[in-house]
Amino acid sequence: MLQLTAIEAGYRDLTVLHGIDLEVRAGEIVALIGPNGAGKTTLARAIAGLLPLRRGQISLAGQSVEHLPPWMRIRLGMAHAPEGRQVVAGLTVADNLRLGAHALRRRRQESWISARIAVVCELFPPLLERLDHAAGNLSGGQQQMLAIARALMTEPKLLVLDEPSLGLAPALVADIFRLIERLRAQGIAILLSEQNARMTLAIADRAYVIETGNIALQGSGRELLGRSDIVERYLGIVADSTSANRRNSEDRHVRFVRALAKIFDA
Amino acid sequence: MRASPLTMDQFAQILVGGVLQGIVFAIVALGISLVYRVTGIINLVQGGFCIIGALTLYSFANDFGWPLPLAFFAAIAATTALGLVLGAATFVPALPRLPTGSMLMLTVGLLTFIDGLALVVWGTQPYAVTAFSGEEPIDVFGILVPSQGLWIAAFACIIILGIWLLIAHTAVGKALTACAENPLAARFMGVDVARLTLFSFGLAALIGAIGGAVVAPIMSLQFDAGSFFTNAGFIAVALGGMSSLPGAVAGGLFLGVAEQLAAGYVSSLFADGLALALLLATLLFRPQGLFVSGGRRRHDVREELRVTRSVVRPRPSSVMLIASPLLLLLIALPYLVSGGFMSSLVIMLILFIAVLGLDVLMGYCGQVNLGQAAFMALGGYTAAILATNYGLSPFLGTLAGLALSLICALLLSAVTMRLRGAYLALATLAFGLLIDSLTVGLIDVTGGPSGLVGIPAFALGSFVFATPRAMYYLTLAIIVVLIAALAGAMRSDFGRALQAIRADPTAAEALGINVPRHKMAAFAISAVLASLSGSLLAFDFHFLSPEMVATPRSFEMIAMLIVGGEGTLVGGLAGAALLTLLPIAFQPIALYKTLVEGAVLVLAFQYLPDGIVGGMWRLVGRPPRTERPPALAPEVPAPPDQPMQPHRHVAAKKTLALEAGGLAKRFGGLQAVADVSFAVPDGSITALIGPNGAGKTTVFNLITNLFPADRGQVRLYGRTLRGLTPGDVAALGLMRTFQTARVLPGMTTLENLLAGAHRQIRHGAAQHMLWLPAALREERSLRRHGDALLGLVGLGRFRDVSATTLPMGAQKLLEVCRALMARPRLLLLDEPAAGLNDAETAELAALLCAVRDFGLTILLVEHNMSLVMDVADQVIVLDLGQLLAQGTPRQIQGDHRVIEAYLGVEAKAS
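Residues numbered from 1 in each chain as written. Chains lettered and ligands numbered in written order. Predicted model: local features only at pLDDT ≥ 70, side-chain atom pairs only at ≥ 80, totals over all residues. Heavy atoms only, no water.

Notes on the overall build of chain B
- Within chain B, the secondary structure is distributed over 35 helices and 16 strands.
- Of all 910 residues assigned to chain B, the portion counted as buried reaches 58%.
- Considering only residue pairs separated by 6 or more positions, chain B has 78% of its internal contacts joining residues 24 or more positions apart.
- By element, 65% of the accessible surface of chain B is carried by carbon and sulfur atoms, the whole surface being about 35100 Å². (Helix = DSSP H or I, 4+ residues; strand = E, 2+ residues; numbered from the N terminus. Buried < 20%, exposed > 50% of the residue type's maximum accessible area, 1.4 Å probe, protein only. Contact = heavy atoms within 4.5 Å. Areas by Shrake-Rupley, 256 points an atom, 1.4 Å probe, with all protein chains shown as cover.)

Shown next, in the form of structure tokens:
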């Protein structure tokens, strides 16, 4: 469904992505994990069309889209839930959802849009109860639901989710991830960009590890979950520390405290 | 002035006139409000479209001889086209890149450009357009209404109806609202934000053109009427409610009627003053507008658009290298140029003094001041009147002017200090316009439009500065002293505080910086320098007229500052030279001066944002860092030879750093926090965890008194915090960080760090202005400690780099270190690990443990369980606003209630 070839992109004089190759097929969840600043959000923006490519091709359902503006990519079946949710606080939940269908407004009647709102809200009952509320009054978790619901308004074939778990409590994250699996079952291709590597790799069919603008590793979710260096780097599981390691960190700690004392004290 | 009361007929007549004028104002206001709604910018160009619409109507109808309807539509089309071109070339591309203050000034530049264009094309003479339906007034219920009035009313109705339909009932209208609030979200949804912005800009131009063309027959058209329309329009919009379209209409009508009544019953001077007084009162007491009920204040997303301006800090050696020959050149200049040129040089230097003041206020402190010339007028007229009419010595007269300006500045900033951004700029504009009308209207005092003549030359004691050369050296000497003093102040903590206020007022406040006091200080400096400049101008010219120190001069000085380079102190000289000397050198282009000024101001924002001097410094300064810095690794610290003042707080594990008892807070229908009590032992790390919406950040905000609790107490080392401001709380030793690292843009890493030490500074701005050794010693010692701390946490190599270019992990570390510089006793960290990868989180954990063992107490809110389990001595769990559990990390991990409510099924393996 989505194919990225040799993508290079960045801002002004800073190149962030140095040649990314990536693929997402229909009905699969592809995880993109990596540290902060590796380029996940830059990649999401490049895919959406908000950022021009310096080099490379993007194809959606076999069609070349790297020269197309965002609204055309949406018409071709791409949808985004951006990092940080980005709901329009002053509009109601219903109007926010309508905004999601903005790119289709010429092709679809109001009745279709209203029906679509009902369908999408089935997945998110809390939104159904709050259609007339200002989006700014929703909690963080509800806003994340709104962001995903908004993305679903266009019946997308490809869904790009940029850090949906950011700032959410683990139980809520589990709910959202369960929903993502349901969407996969409907045949949507999903690119899930995340820092929460443990949960993401558990549901991903395939995964790419991105580091400083390059793909460092790729494989199936289970493969990567099993690799110990990934595990150490990204999953926060403390490896067995040898006594030398422990002594080192204690040593450093003492030096740290002493140095602080010298800076701030007599 | 009228002595007898008016008859009913006359009253009705005036009322009708007021309504008509009000309708015109409403049309202008509507255009301003529309653009504001969509972009968040007050578009001061609006009046310019009115005057172009009117003047092109004249040309098409009279010069080309076209029939009226054709001329009308052609005029509208031409003006709208001009608006679209200007919008596409300047406004729309600049919108995503510039902060609100700069955008406001960009529109000022566009207005100046249009005024200049009108001047070039149509000259200074007044024009008259014939009324559409003839000159015969129409009798409406016994009142004579000019026939044009009905046309005006008709078009106004069409415009209002059209706008209402568009905004409320179309998808485009909703998309416009989305663009206004969250352009990023809109873009993700496929909304073409740039095109919609241009659309609204063009629509505003269309509205303005119609308004101008339809009102043309009943007024005398002159090239600078654009400013008149704009002023009325923005006053109307402020009165009516900025983003409320019906409010704009109501505001316009109200203003028109009020002005006509005031002019009819008292005088037109009174009418002007009344309008401006109303504006100031509205901005202060009811900023949402007179006709808008309470209502939600527009979520100003633009406040959050913090421009990551990359920082240029030239090496002192480079500055000396350039400044010394320049100074020698300036000293030698009088012997190299002709006499005629000499007087222009003097004017350039005199204006530079006022621009210098503007740089402190705008360049460093970030407060847009559209009324700088008003203070020149105050200083100039006071000194001149006292010297000419009362024989006071010019020196004393100047001092009197300084005193008056200082008083006005302190008053004005005291009443406006609660205003943010655009409102403050409007207040200064209003003040400037008020002074304009006073200098023209108070003929007995100021000599009116013809000005004051016979002003003596400046004199100090018995020495009279009679020749241009003498004035040149006097002004040059003053400038050298001023720059030395200001340079000293700006590189000290005072300068950092001003820049912090420009960068992020909320973060500045959290650092303990007294934001209103610093703003007032900057405003005072700016006003005093402008006053000095005005006085010198009067004594140099031996003549002072209103137009020498009117609002266009304010705009000109802003252009000088921007083109020369904001925040560079000396940049203004380059700008003053460019805009003063060039028109003199090429006399024929004097007619184009206004046009060029406007163009220069607009282009500078887009292509030369650092200005001339800023750009030069970028060339000779340190090379900018473009590659991403690698992961952090702490370096071995080099301990400074002289430690900071001892402030060691002995950690006694038995005392309680913080006690919260029975805290409760309700927001509308939501009980955010209900009966929360906990204690934080001294010298420990306590973590506050809980599901999203549990009330953790609310508890934080209650502790720091960002808003008051409904019930409950907070004690910091036994001292109650009730009733204190966040700044007071910071002063008591409680420092907080924010969820999104509020690292100050436009400042280097070191400067960010040092800003944290604000409350520790003993030697103030005045001492730095005098370059006193004790003050310099304190600054040097502070820098050494800052460097040592940066080295300790591995940020040493980013010392001179713009702090906002650091990776997120580094920024969070910087924020914690900045809080440390304030020597707190208790650190409140709001999600310090959010957005960090695991290596960065480990570094943070190491720092937090070291800080705790050094003797501080830490309370942190976190979602990152591994960090919490790693560092916390005590964990407090909130759920739905209530305390759920409390204990050691191990206890919490095993508590079933906590696991159920919060950690979820996934936390089985940990």
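Some thoughts on the packing of aromatic side chains
All names here are of chain B.
- Tallied over the entire structure, the rule returns 15 aromatic pairs over all chains.
- Ring geometry for F49 against F201: centres 6.0 Å apart, planes inclined by 90°, an arrangement best described as edge-to-face. Of this pair, F49 sits in helix α2 (residues 46–63) while F201 sits in helix α8 (residues 193–215), and the two are 152 residues apart along the sequence.
- Here the aromatic rings of F72 and F73 are separated by 5.7 Å at their centres, their planes lie at 80°, and the arrangement is edge-to-face.
- Here F72 falls in the buried class, since its relative accessible area comes to 5%.
- Aromatic ring contacts, followed pair by pair, group F72, F73, W151 and F155 into a single cluster.
- One cation-aromatic arrangement involves R469 over Y335; the distance from NZ or CZ to the ring centre is 4.5 Å. (Phe/Tyr/Trp six-rings, centres within 6.5 Å; stacked < 30°, edge-to-face > 60°. Lys NZ or Arg CZ within 6 Å of the ring centre and 35° of its normal.)

With respect to helix α15 (residues 394–416) of chain B
- Counted at 1.5 Å a residue, the expected span for α15(B) with its 23 residues is 33 Å, and the 32 Å between its end C-alpha atoms agrees.
- What α15(B) keeps buried is the set B:P394, B:G397, B:T398, B:G401, B:L402, B:S405, B:C408, B:A409, B:L412, B:S413 and B:T416. (Expected span 1.5 Å × (residues − 1).)

Considering the pairing of strand β9 (residues 685–689) of chain B
Residue and element names in this part refer to chain B.
- When you tally the buried positions in β9, you get five out of five residues, the bulk of the element.
- A two-sided burial pattern is seen for β9, the buried positions comprising I685, A687 and I689 on one face and T686 and L688 on the other.
- Where β9 lies against strand β14 (residues 857–861), four bridges are found, and the strand directions are parallel. When the bridges of β14 are listed, T686 appears paired with L859. (Pairing = 2+ DSSP bridges.)

Some thoughts on the nonpolar core
Residues and elements named next belong to chain B.
- L370, F375 and L827 are the most contacted members of the largest nonpolar core, which totals 278 residues.
- Of the residues forming this core, the biggest block, 18 residues, is contributed by helix α13 (residues 339–364).
- Discounting chain neighbours no more than four positions away, the residues touching L370 are L44, L104, V108, A425, T428, L429, T551, S554, F555 and I558. (Core = buried A, V, L, I, M, F, W, Y, C linked by side-chain atoms within 4.5 Å.)

Topic: a nonpolar patch on the surface
Residues and elements named next belong to chain B.
- Together, L321, I322, L603, Y607, L608, I612 and M616 make up a nonpolar patch on the protein surface, roughly 660 Å² of accessible area in all.
- Those elements giving two or more residues to the nonpolar patch turn out to be α12 (316–332), α24 (593–607) and α25 (611–620).
- Locating L608 in the fold gives a position in the loop between α24 and α25.
- Judged by its relative accessible area of 36%, L608 is partly exposed. (Patch = residues over 30% accessible without salt bridge, like charges linked within 9 Å, V, L, I, M, F, W, Y side chains within 5 Å. Salt bridge = Lys/Arg side-chain N within 4 Å of Asp/Glu carboxyl O.)

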